Amino acid sequence: MVAMRQRGPWFDRLVDISAIPELREIVVRGDQIRLGACVTFARAAAHPQLRALTPMLAEACLSIGGPQIQNVGTVGGNVANAAACADTLPVLVALDAQAHIAGAAGERVLPVSELIIAPHHTALQQGELLTAFSFAAPPAGARSIFIKVGRRNAQAISRLSVAAIGHVDAAGLVDHVRLAVGAALPRPQRLTAVEALVHGQRPAPGLYALAGAQAVAVMLDITGRRWSTEYKEVALSQLAPYALARVLEDAPLPTRFDTP
Amino acid sequence: MAGRQFIGKPARRVDAADKVTGRTRYVADYQLPGMLYARCLRSEWPHAVMTHLDVSPALNVPGVAAVITSADFVDDGRFGFPVRDQYILAHERVRHVGEAIAAVAAETPEAAAAGLHAIRCELEPLPAVFESAQALAPDAPQIGPDRSDGRHPNFLHSEIVRLGDPDRALPQCPVVLDAAYSVAQQEHAYLETEGALAIPTPEGGVVVYASNQSPFINREILASVLGLPADRVRVIQAPVGGSFGGKDDLNYQASAQCAALALKSGRPVRMTFPREESMIASYKRDAMHMRVRLGALPNGDLQVCKFTGRLDSGAYASQSVFTSWRAAVHAMGAYRYEHCHVDIDCVYTNNGYAGAFRGFGNTEVCFAIEQAIDEMADALGQDPLAFRLRNCLRLGDETAFGQRLEESVGLAECLEAVRKASGWDEKRAAYARQPAGPIRRGLGVAAVFHGTSLGAEGADYAASTISVAEDYSIALTSGLTDYGTGAATVFTLIAAEELGTRPERIRLLRPDTNTSLESGPTVASRSTMLGGNAARLAAQNLRQMLDFAAASLLNCPQNRLLRVGEAYIGPSEEPATWERIVDHARSLGLILSAHGRWSAPHIHWDSQAGRGSAYIAYHFGAHVAEVTVDMRTGKTDVTGFWAAHDVGATIFPQGAMGQVYGGVAQGLGYALMEEARYEAGYLQATNFDTYLIPTAKDVPDITCILLEKPYSQGPFGAKNVAEPAMVPAAPAICNAIAHATGRRVRDLPANLERVLLGHALSHSDGGLACKIGLARPR
Amino acid sequence: MLIQFTLNGRPVSVEAPAHLTLLTVLRDYFHLTGAKEGCSIGECGTCAVLVDGELVNSCLMLAPKVAARTVLTIEGVSPADGSLSDLQEAFIAYGAVQCGFCTPGMVLAGEALLAQTLTPTREQIRTALAGNLCRCTGYQQIVDAIAAAGAQRKEVN
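Residues numbered from 1 in each chain as written. Chains lettered and ligands numbered in written order. Predicted model: local features only at pLDDT ≥ 70, side-chain atom pairs only at ≥ 80, totals over all residues. Heavy atoms only, no water.

### What to know about the interface of chain B and chain C
Link 1 in the chain: Each partner contributes to the interface: chain B provides 51 residues, whereas chain C provides 48 residues.
Link 2 in the chain: Around 4,000 Å² of area is buried between chain B and chain C when both sides are counted, 53% of it from carbon and sulfur atoms.
Link 3 in the chain: Counting the surface chain B buries against chain C, the share from its top three residues, B:Val20, B:Leu191 and B:Ala696, is 18%.
Link 4 in the chain: Counting every contact that joins chain B to chain C gives 7 salt bridges.
Link 5 in the chain: In this structure, the salt-bridge partner of B:Asp701 is C:Arg126, at a minimum N-O distance of 2.8 Å.
Link 6 in the chain: Linking chain B to chain C there are 31 residue pairs in polar contact (both at pLDDT 80 or more).
Link 7 in the chain: If you list the elements that add at least two residues to the side of chain B that touches chain C, you get α1 (16–20) and α16 (653–672) of chain B.
Link 8 in the chain: Along the lines of polarity and charge, the residues of the side of chain B that touches chain C split into 23 nonpolar, 15 polar and 13 charged. (Contact = heavy atoms within 4.5 Å. Buried area = accessible area lost by both parts, 1.4 Å probe. Salt bridge = Lys/Arg side-chain N within 4 Å of Asp/Glu carboxyl O. Polar contact = N/O pair within 3.5 Å; in protein donor to acceptor, adjacent residues only side chain to side chain. Helix = DSSP H or I, 4+ residues; strand = E, 2+ residues; numbered from the N terminus. Nonpolar A, V, L, I, M, F, W, Y, C, P; charged D, E, K, R; others polar.)

Here it is in structure tokens:
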């Protein structure tokens, strides 16, 4: 809509897909979740099972824009726009979500991390339609968190975001960990090197600090130094450890109103 | 107040019912049969010479009715006061990105845009200067007009304050502070963009509805650039969707562009700005670089202040001459000194130009001096609030520029009020002991004094008319505009109080140069005192006639008359209704119509000596801000805010408190997120997605305390509130950040990077946002 | 294209190009100017209206999207007798109006919230207003007004 205002309509037809019931469905079967591409941020955030299973997705949805944007904007739109700062992307990537793409030849499935090629570029082909995302909820007992840093408390574009999932086994060792960052990389991806560092370890401040340094190293490796790097390396080196601490320790679950 | 019916009592804003129902029509809501839509071609270069301008191809575009350039105006459309350096449409040169070059009127906005595309305009870029520090270099390209005094043409103006000899005294001081501060340009961000509608009249004149602040100034400029006698130009004030100082120059240009197009086409012409055009073309709060040196005795007595400031006026002078004077007068803050020198210089650059914005120079210097005062308190090991109380101006004191404060000085009371309300002593102590951790809390204070109205800047007067209509309602006019401030309600309540009538009986007519009286500009928080006194005098004059009529009707001397509600009661104790009194007055041949004009007491400022009486009275106030700072990200949240203001007297409580809340919110934005940054002359934020102002989730609940130290010349003792409500908010917040983090942010805004890293990260879009914003089709 | 919907309680139909925004159609075709153009990119909320009871920015919604739906603008908020709604009265009583340009959107945002709960916390009210910018009021009296109207409705019910 914003682009159309600046350029005028550059197409001869526009199809409204928002009324297709299948695209608006949220289906939860056990720990398997299927989220239609046209589910709005407001509906995703208000869905009781989704909130219970993946609170960080609700957090991300409620961090976008204000009520008007949340009432109209969709998870599918957020992903397909493929902005580096899109708030649902690190969450979906941390969940290893699969994107379902319908085309004339049938459906294909692609990890969200592979759907995004570069900022504002996706692997969607002419004639293809993003229909849904599917993912498994984090293991029972796992915690998840979405942290966003913006310049103000609403209607703010992420300067940096972190999505993390973690679980500690009975022996006190990390047996499940996922970490993804937003607004820091040209395309969203799990920081698997950081995850590997943490997996199987006993949660401790020293470990988190190492993980933070590793996260920064991964970011620098991918992006090199940009104008904003000086800020992001400092912020990420502290937010990544914080996110890991929050999901790996017995702390109360964070909320949208919790200062990150 | 005892015995008062309406003053200081909760009231209904006179224009609120129309606003909550959406019935209020702003300029963009006006539609007339045959109306044309106008747009301007604007410069994409910060500095260029116009080598070729041919607008005739635009006339061949279907739907285009008229095109104008600077050649369509008298003296090429030059205007400006006190420096006549601006044009209605650029003449020969452009000096900033977004400067208007030509204007087209067409049947539709799309046809107007097509017309702009057809204009042949060749601009040859010139060397430009964007840093105020480099503006006066011998080889800097000339931006300002030629000067006869041999000074650099990019030098615009300077203002001084002089007391004693700081250069000699400062080295003698046992404790000295020397620090540099800077503030960025700020966008007014009124939610209604600029606009005007011009309608040609059969007599060859023009009626202009404008979203401006000062319709009489608009009329003066219109008559001058159109070459029309003043009686052929009528400016009617349209409802204004926010202004804050921002609806002067650019709206006068838009008015004149619409008027010229209307006269040329013979049809009504409306121009309204898309947000990008508004941000790119409009003037901003000036950026200022400041250096403050303070000297004090170990016991905490302030001795010396030496303040220098360099104000970037951008491409044109606009109000900077006056801004720099107000900045100079307030630069040392509301404190006593033995020695004080202030030097404010302003220069031209090729950035967008600077004009009036709430606080008008004081907002900028207050940021510097109120942090410096805090830093000095730190250096002395004193509590910053107690340090202010020790040194602040009190009744009977003399200001640094030599004005004895003889009445209405409530600063110490304001400081004590915020100290108590905020729990200052307990919280400061608690936060000083907080454990090291990622989230840190802090509490900061800042004080303000702010001269009311224009002061020695200019002739200070306002006028009102009042009359009783056939239906017994009362029509009140003012030459001053209510652009959202509540002034119309203030005038209504004052007139109602004087007349003893219900406020609902009074209709405040919209300012109109044909029906209201010239009252100077609606600026400088002068409405309540100047406009209020004028309304009060007008109502008193009308009241005399009504009292005379009542005495005649009730057959008693005037001093035997009593009032019960609107009715008069004489010795017979039989009430005579308002209508009966009015009828009787008319039967006596009285014309129930009166004027009121109030001029401020004369004061004198010696600009050569940098001394004098600057303003007739001063507003005083103090803010305390409480913040949390996330040490991992630099994110600052303002979690509490206490604002105490000595307003003299409160006329319209919800209105006065609304000014305080809104002022604090603007100051919060200024402190933490707002930055109209120019890179090589190109504004980097052109809409609300990149120019961020506080949302409802960024502003905390604010405790507002209105203190009343009546001013003898103010209406019912009232002074002012709108501007000073904003001024100390940003330094209070930055002082709180310093308290929380131990780090001081001396450059605004205190955004994520400055708080986390100690400096900003600069990034330029290469002019892309401006180019897109100026090129968009509709 | 022909767009049929319910506007402020009345069934309406309009023939308009499909690429126009709801804001343009409301202002230029229905001459309902209570919804304002403040930014045209969905950041300021001066164009906010309720579509099927949900707060949306009409500048970011193509008009055909409201086909067969209900749209409420500020012009449809007041009772039919021309009086003011309790929320509008509260805006006046609490001084929540200054320049008035954001006010229609703020009233509608308040209505959308009060349809969910009559006892919102101040934080909930601020969240509900987060998509509506105001440059004059600092939001405080708007929050006061919405809280008071909710309490009053709660009492009446």
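### Here's the deal with the domain arrangement of chain A
Residue and element names in this part refer to chain A.
Link 1 in the chain: Under the domain assignment used here, chain A contains domain 1 (14–136) and domain 2 (143–248).
Link 2 in the chain: Taking only C-alpha atoms into account, the centre of domain 1 sits 22 Å from that of domain 2.
Link 3 in the chain: In this assembly, 25 residues from domain 1 lie in contact with 24 residues from domain 2.
Link 4 in the chain: In this assembly, domain 1 and domain 2 are joined by 3 salt bridges.
Link 5 in the chain: Among the salt bridges present, the one from aspartate 87 reaches lysine 148, with a minimum N-O distance of 2.8 Å.
Link 6 in the chain: Joining domain 1 to domain 2, the criterion identifies 9 residue pairs in polar contact (both at pLDDT 80 or more).
Link 7 in the chain: Put simply, the parts of the chain that give the side of domain 1 that touches domain 2 at least two residues each are α4 (55–62), α7 (88–94) and β5 (116–118).
Link 8 in the chain: Broken down by element, the residue count for the side of domain 1 that touches domain 2 peaks at 5 residues, all from α7.
Link 9 in the chain: Of the residues that constitute the side of domain 1 that touches domain 2, the class distribution is 17 nonpolar, 5 polar and 3 charged. (Domains from an automatic or database assignment.)

### Remarks on the interface of chain A and chain B
Link 1 in the chain: Residue-level contacts link 25 residues of chain A with 30 residues of chain B.
Link 2 in the chain: Of the roughly 2,500 Å² buried between chain A and chain B on both sides combined, carbon and sulfur atoms contribute 57%.
Link 3 in the chain: Counting the surface chain A buries against chain B, the share from its top three residues, A:Arg151, A:Arg152 and A:Trp227, is 29%.
Link 4 in the chain: Applying the counting criterion to the chain A and chain B interface returns 2 salt bridges.
Link 5 in the chain: Between A:Arg151 and B:Glu753 there is a salt bridge, and its shortest N-O distance comes to 2.7 Å.
Link 6 in the chain: Connecting chain A to chain B are 10 residue pairs in polar contact (both at pLDDT 80 or more).
Link 7 in the chain: Listed by contribution, the elements that provide at least two residues to the side of chain A that touches chain B are α1 (2–7) and α11 (229–248) of chain A.

### Points about the side chain of B:Glu370
Residues and elements named next belong to chain B.
Link 1 in the chain: Following the sequence through the fold, glutamate 370 ends up in helix α9 (residues 362–380).
Link 2 in the chain: Accessibility expressed as a relative area gives 1% for glutamate 370, which makes it buried.
Link 3 in the chain: At 2.7 Å, the side chain of glutamate 370 and the side chain of tyrosine 335 are in polar contact.
Link 4 in the chain: Those residues within four positions of glutamate 370 in sequence are excluded, and the remaining contacts are Tyr335, Arg388, Ala446, Ala447, Pro731 and Asn735. (Buried < 20%, exposed > 50% of the residue type's maximum accessible area, 1.4 Å probe, protein only.)

### Comments concerning the domain arrangement of chain C
Reports often express the size of an interface as the amount of accessible area lost when the parts come together.
Residue and element names in this part refer to chain C.
Link 1 in the chain: Partitioning chain C into domains gives domain 1 (2–76) and domain 2 (86–156).
Link 2 in the chain: The distance between the C-alpha centroids of domain 1 and domain 2 comes to 21 Å.
Link 3 in the chain: Across the boundary between the two partners, domain 1 contributes 15 residues, which contact 13 residues of domain 2.
Link 4 in the chain: Here domain 1 packs against domain 2, burying approximately 1,100 Å² in sum over the two surfaces, 70% of which is carbon and sulfur.
Link 5 in the chain: On the surface where domain 1 and domain 2 come into contact, there are 0 salt bridges.
Link 6 in the chain: Applying the counting rule to domain 1 against domain 2 returns 2 residue pairs in polar contact (both at pLDDT 80 or more).
Link 7 in the chain: The element that contributes the greatest number of residues to the side of domain 1 that touches domain 2 is strand β3 (residues 48–51), accounting for 3 residues.

### Focus on helix α15 (residues 578–587) of chain B
Residues and elements named next belong to chain B.
Link 1 in the chain: Among all positions in α15, only Trp578, Ile581, Val582, His584 and Ala585 are buried. One side of α15 carries all its buried residues, which in axial view fall inside an arc of 165°.
Link 2 in the chain: Residues of α15 that are buried make contact with β19 (461–468), β20 (474–478), α14 (527–554) and β23 (567–569).
Link 3 in the chain: Of the residues trailing α15, glycine 589 is marked for its positive phi of about 90°. (Arc of directions from axis to C-beta.)

### A short note on the confidence of the model for chain A
Link 1 in the chain: Considering every residue of chain A, the mean pLDDT works out to 93; 96% of them sit at 70 or more.
Link 2 in the chain: Of the regions scoring below 50 in pLDDT, residues 253–260 of chain A engages in 27 contacts with residues more than four places distant in sequence or in other chains. (pLDDT = per-residue confidence, 0-100.)

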